[in-house]
Amino acid sequence: MTTGQHHQNAHPQQFVAVLDFGAQYAQLIARRVRDLYVYSEILPADITAKELRDLSPSAIILSGGPASVYAEDAPTLDPEILHLDIPVFGFCYGEQILAQTLGGHVAHAEKGEYGPATLTRSGNSILLEGTPKEGQTVWMSHRDYVDQAPEGFAVTASTEHAPLAVIENTEQNLYATQFHPEVAHTQYGQQMLSNFLFQIAHLKPTWTMDNIVQEKVQEIRSQVGNGNVILGLSGGVDSAVAAALVHKAIGDQLTCVFVNHGFLRKGEPEQVEHVFREVFGIPLVVVNAQERYLDLLKGVRDPEQKRKIIGTEFWRIFFEEAKKLGDVQFLAQGTIYPDIIESGSRKTGKETSTIKSHHNLIPFPEGVHFDLVEPLDHFFKDEVRALGLSLGLPEDVVFRQPFPGPGLAIRIIGDITQEKLALLKDADAIVREELDAYNATLFQATGARDKALEQDAPGVPACAYPVWQYFAVLPGSKSVGVMGDERTYGEVIVVRAVESSDAMTADWAKLPYEVLSSISRRIVGEVPGVNRVVYDITSKPPATIEWE
């Protein structure tokens, strides 16, 4: 397998390095910083002071983590990091490792502190400025705690079980809390983070959409020069935004290839062609490969085999088209920041056991080489959506629901036929039409959507709609029914609708009976061959959102 060369995107002029000690909240910390218009990146906790200094962060945050600082395999911190003359803010484990590294003491409590706690301030505190002296709620999750601060630190707040809940060394610009400021349960956590970024580290809130677009356009132009770029459009948000951004930077040096495998939702192939060919005027190659895919998948029932066949054939077709274009040096991709995090912190060149290098999974044919352009690899999903809106992409593209790469092929349980595909597309279109209207009604009532879209923030809510994802599944089972005084033996359609913010967990949506009734009536009445509709009321876990 030949791999492309990844272009190392430059950091913004100021950025916050979040050192990850195994925290469940590491990505949340980075998001909270970005919510304040300051760019942040997650880096491995075992980074050396020299490696970190070379990256030139403007401030450092030490995350929490599940380990005890005394455990044999506990993550450690290069002590020199605390002497780089860069402001540091530690949370939970971050406070403990900071204290231990500088000569303080960490104790193990008989009783842990998990959940809300009441913080009491003592003395002056830059970190806690603008927060109440007493009675504010903070979120704790620890058993170990700092019981002796290092020399030079003042204790500025405590809770019942954490006497050193906040410690500060203003001379060295070192600050730490035993609680988690990044979670919403800490009432004034964002105020504390704001104080650290702007009052202590003296950063500027400059990471806005206008600046981001300008920076990215310059980066792409600098990397590509006069070269030609090819990009595979999937119909998804990431590839769509990447295409719009690259086209803004280099115009017709970009050619997009859209392989229509036939498993997109009803109307989506036409939407892709309209948006990119007619609205944006991007050179677009459309390959209608529906029959080719149906032949390849004939009789295939296993979902993993379906995925493999669809993915392999996509790249085969894509490279066939790339060869026809001739002089192309670059391949653009919609790789986003969570992909990079999973890849083991590609930014520092360090490798971890969790490497899943998305940019190396492309099966380039022998002798084929492209340098990779990945303009979204700094962004979380909600930031990608905000970028898409800023670039002028339609909302129905930007807020497209999560959709598996193999598409409807894995929402048809068992083998795939043209008839089953047509039936599912029609049923799924009804589900989406009804729940699109339901979501719109809820947003009109609250005004939350308009408010979210008006802000010039690096991100918009990850959950763009009250009901986060909804679709139809064809389970491949039939049931008896009665229609028009005649006995029928028809297909069953499963309706799946969930509420979630990140897809890690999800709860089934408690839809009003009238909405469910309308969906059922329409599917049975408008989709020939269906005589029963059922609603999936299983949460994730134990189920997954998709059926296969």
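Engineer: Residues and numbers for the packing of helix α5 (residues 209-224) against helix α6 (residues 237-250), please.
Structural biologist: Contact geometry for α5 and α6: axes closest at 9 Å, N-to-C directions at 70°. Classified by the interaxial angle, the pair formed by α5 and α6 is roughly perpendicular. Of the two possible hands of crossing, α5 and α6 adopt the one that is right-handed. Of the residues in α6, those touching α5 at Val213, Lys216, Val217, Ile220, Arg221 and Val224 are Leu245, Val246, Lys248, Ala249 and Ile250. In the contact of α5 with α6, the residues fall into 8 nonpolar, no polar and 3 charged.

Engineer: Help me get a handle on the environment of tyrosine 293, residues and values and all.
Structural biologist: Secondary-structure assignment places tyrosine 293 in helix α8 (residues 290-296). Residues tyrosine 293 and glycine 262, spaced 31 residues apart in sequence, show a C-alpha to C-alpha distance of 7.7 Å. Setting aside residues up to four positions removed in sequence, tyrosine 293 forms contacts with Val259, His261, Phe263, Ile309, Ile310, Glu313, Phe314 and Ile317.

Engineer: Before we move on, can you summarise the packing of aromatic side chains with the specific residues and values?
Structural biologist: Using the criterion set out here, one finds 16 aromatic pairs in the structure. On the basis of an interplanar angle of 15° and a centroid distance of 6.2 Å, the ring pair of phenylalanine 319 and phenylalanine 370 is categorised as stacked. On the criterion of sequence distance, the pair formed by phenylalanine 319 in helix α9 (residues 303-325) and phenylalanine 370 in the loop between α10 (337-342) and β15 (371-373) is long-range, its members being 51 residues apart. Judged by relative accessible area, phenylalanine 319 falls into the buried class, the value being 8%. On the accessibility criterion, phenylalanine 370 (6% relative accessible area) is buried. Grouped by ring-pair contacts, the aromatic residues Phe314, Trp315, Phe318, Phe319 and Phe370 constitute a single cluster. A cation over an aromatic ring shows up here: arginine 265 above the ring of phenylalanine 403, its NZ or CZ 4.0 Å from the ring centre. Above the plane of the ring of phenylalanine 471 lies arginine 411, whose end atom (NZ or CZ) is 3.7 Å from the centre.

Engineer: Summarise the pairing of strand β2 (residues 16-20); cite the residues concerned and give the values.
Structural biologist: Burial runs high along β2: 4 of the 5 residues are buried. Pairing of β2 with strand β3 (residues 40-44), which is carried by 5 bridges, proceeds in the parallel orientation. Directly across from aspartate 20, in β3, lies its bridge partner proline 44. Judged from the 4 bridges that link them, β2 and strand β4 (residues 59-62) form a sheet pairing that is parallel. Residue valine 16 lies in a different strand from β4, and its bridge partner there is alanine 59.

Engineer: Give a description of the pattern of salt bridges that names residues and reports values.
Structural biologist: Going through the model one piece at a time under the given rule, you end up with 27 salt bridges. Two residues, lysine 420 and aspartate 415, come together in a salt bridge whose shortest N-O distance is 3.0 Å. Each member of the salt-bridge network shares a partner with another, and the members are Arg31, Arg32, Arg34, Asp35, Asp382 and Glu383.

Engineer: Summarise unusual backbone geometry; cite the residues concerned and give the values.
Structural biologist: Most peptide bonds take the trans configuration, and most residues that are not glycine carry a negative phi. The peptide bond linking lysine 540 to proline 541 adopts the cis configuration, its omega dihedral lying at -15°. Summarising the element assignment, proline 541 is placed in the segment after β20 (530-535). For the bond from proline 541 to proline 542, the omega torsion is 10°, close enough to zero to count as cis. With respect to the secondary-structure elements, proline 542 resides in the segment after β20. Of note in the backbone geometry, serine 56 takes a positive phi value of approximately 55° without being a glycine. Inspection of the secondary structure assignment puts serine 56 in the loop between α2 (49-55) and β4. Despite not being glycine, asparagine 173 has its phi angle at roughly 60°, a positive value. Mapped onto the fold, asparagine 173 is located in the loop between β9 (166-169) and β10 (174-177). Judged by its relative accessible area of 24%, asparagine 173 is partly exposed.

Calculation notes
- Residues numbered from 1 in each chain as written.
- Predicted model: local features only at pLDDT ≥ 70, side-chain atom pairs only at ≥ 80, totals over all residues.
- Heavy atoms only, no water.
- Axes fitted to C-alpha atoms, helices over the stretch in contact; angles between N-to-C directions.
- Helix = DSSP H or I, 4+ residues; strand = E, 2+ residues; numbered from the N terminus.
- Parallel < 35°, antiparallel > 145°, perpendicular 65-115°, else oblique.
- Left-handed = near helix turned anticlockwise from the far one by under 90°.
- Contact = heavy atoms within 4.5 Å.
- Nonpolar A, V, L, I, M, F, W, Y, C, P; charged D, E, K, R; others polar.
- Phe/Tyr/Trp six-rings, centres within 6.5 Å; stacked < 30°, edge-to-face > 60°.
- Buried < 20%, exposed > 50% of the residue type's maximum accessible area, 1.4 Å probe, protein only.
- Lys NZ or Arg CZ within 6 Å of the ring centre and 35° of its normal.
- Pairing = 2+ DSSP bridges.
- Salt bridge = Lys/Arg side-chain N within 4 Å of Asp/Glu carboxyl O.

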